[in-house]
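Read off the chains here:
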Amino acid sequence: MAVLSGGWAHAAPPPQRETPYWASLSASQARMRTGPGRNYPVNWFYQRQNLPVQVLEVYPGWRKIRDPDGAEGWMIGNLVSDQRTGMIKGGTVDLLDAPHDGAKLLWRAEAGVIGTLSRCADGWCRFDVKGRGGFVEEAKLWGVDPGETVK
């Protein structure tokens, strides 16, 4: 969206989201830093695109994130996407054809597998890994809050 002022078009800043919120890494390589600036040291180097992260703070051009292992630090904002992803935690989980116990087994996914999240409600999320999807209990995913609804 552009705002006209004195004959010049200025890009309106994006609306600030309430933190914390869930996001994912948009780049195949990303550096986490100890502070919001390139002059701060790198404390982690990520090589896992779509890794789910939790955004804890927003600073102009930077996001303070937490990764699935609990590490926290700052990342350039354009390396963090609003795409919702999740990661299987614990052991191997079943991906079912419906969001309830006893539903037909479609696939199995091991701990650490990353997929896109959609349709989370009533303790279940639709989880898709490169076209192979099913419903997973939200408690077995990192990247969604307990009781959260995702559309």
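Note that this is a predicted model, so its numbers are computed, not measured. (Residues numbered from 1 in each chain as written. Predicted model: local features only at pLDDT ≥ 70, side-chain atom pairs only at ≥ 80, totals over all residues. Heavy atoms only, no water.)

**Q** Can you break down the overall build of the protein chain residue by residue, with the values?
**A** Looking only at helices and strands, one finds zero helices and 16 strands in the protein chain. Residues classed as buried in the protein chain amount to 40% of the 151 residues present. Of the contacts made within the protein chain by residues no fewer than 6 positions apart, 53% connect residues no fewer than 24 positions apart. When the accessible surface of the protein chain is summed, it comes to about 9,100 Å², and 49% of that surface belongs to carbon and sulfur atoms. (Helix = DSSP H or I, 4+ residues; strand = E, 2+ residues; numbered from the N terminus. Buried < 20%, exposed > 50% of the residue type's maximum accessible area, 1.4 Å probe, protein only. Contact = heavy atoms within 4.5 Å. Areas by Shrake-Rupley, 256 points an atom, 1.4 Å probe, with all protein chains shown as cover.)

**Q** Please give an account of the pattern of salt bridges that cites residues and values.
**A** Under the defined criterion, the tally for this structure stands at seven salt bridges. Two residues, Asp-82 and Arg-17, come together in a salt bridge whose shortest N-O distance is 3.0 Å. You can see Asp-82 sitting in the loop between β9 (80-81) and β10 (85-88) and its partner Arg-17 sitting in the loop between β2 (8-11) and β3 (21-25), a full 65 residues away along the chain. With a relative accessible area of 38%, Arg-17 lands in the partly exposed category. Residue Lys-64 is joined to Glu-57 by a salt bridge in which the shortest nitrogen-to-oxygen separation is 3.8 Å. In this structure Glu-57 comes out as partly exposed when scored by relative accessible area, which is 37%. It is possible to trace a salt-bridge network through shared partners that takes in Glu-57, Lys-64, Arg-66 and Glu-72. (Salt bridge = Lys/Arg side-chain N within 4 Å of Asp/Glu carboxyl O.)

**Q** So what's going on with the layout of surface pockets? Which residues, and what values?
**A** When its volume is computed, the second largest pocket comes out at roughly 170 Å³. Around the second largest pocket, the lining residues are Arg-48, Gln-49, Asn-50, Gln-83, Thr-85, Ile-114, Gly-115, Thr-116, Asp-128, Val-129 and Lys-130. Looking at the lining of the second largest pocket, the elements with two or more residues in it are β13 (114-121) and β14 (124-129). Per element, the largest residue contribution to the lining of the second largest pocket is three residues, and it comes from β13. Its residues placed into classes, the lining of the second largest pocket shows two nonpolar, six polar and three charged. (1 Å grid on protein atoms, 1.4 Å probe; cavity = no way out; pocket = protein on both sides within 12 Å on 5 of 7 lines; lining within 4 Å. Points joined across faces, edges and corners; volume = space filled by probe spheres on them. Nonpolar A, V, L, I, M, F, W, Y, C, P; charged D, E, K, R; others polar.)

**Q** Tell me about the packing of aromatic side chains, residues and numbers included.
**A** Counted by the stated rule, this structure contains two aromatic pairs. Look at Trp-22 and Trp-142: their rings are 4.7 Å apart centre to centre, the planes differ by 90°, and that puts the pair in the edge-to-face class. Note that Trp-22 is positioned in strand β3 and Trp-142 in strand β16 (residues 141-142), a separation of 120 residues in sequence. Take Trp-22 and Trp-142: they sit in the same class, and that class is buried. (Phe/Tyr/Trp six-rings, centres within 6.5 Å; stacked < 30°, edge-to-face > 60°.)

**Q** Could you give an account of the confidence of the model for the protein chain, with specific residues and numbers?
**A** When the pLDDT values of the protein chain are averaged, the result is 91; 89% of them are 70 or greater. In this model, residues 1-13 is a region of pLDDT below 50 whose contacts with residues beyond four sequence positions or in other chains number 11 contacts. (pLDDT = per-residue confidence, 0-100.)

**Q** Explain the nonpolar core to me, using residue names and the numbers behind them.
**A** Ranked by size, the top nonpolar core spans 20 residues in total, and within it Leu-25, Tyr-46, Ile-65, Met-75 and Val-80 carry the most contacts. Secondary-structure elements contributing two or more residues to this core are β3, β4 (30-33), β6 (52-59), β7 (62-66) and β8 (72-76). Among all residues touching Leu-25, those that are not within four sequence positions of it are Tyr-46, Arg-48, Gln-49, Asn-50, Leu-51, Val-53, Ile-65, Met-75 and Leu-79. Core analysis: the second largest hydrophobic core is formed by 12 residues, Cys-120, Cys-125, Phe-127 and Leu-141 among them. (Core = buried A, V, L, I, M, F, W, Y, C linked by side-chain atoms within 4.5 Å.)

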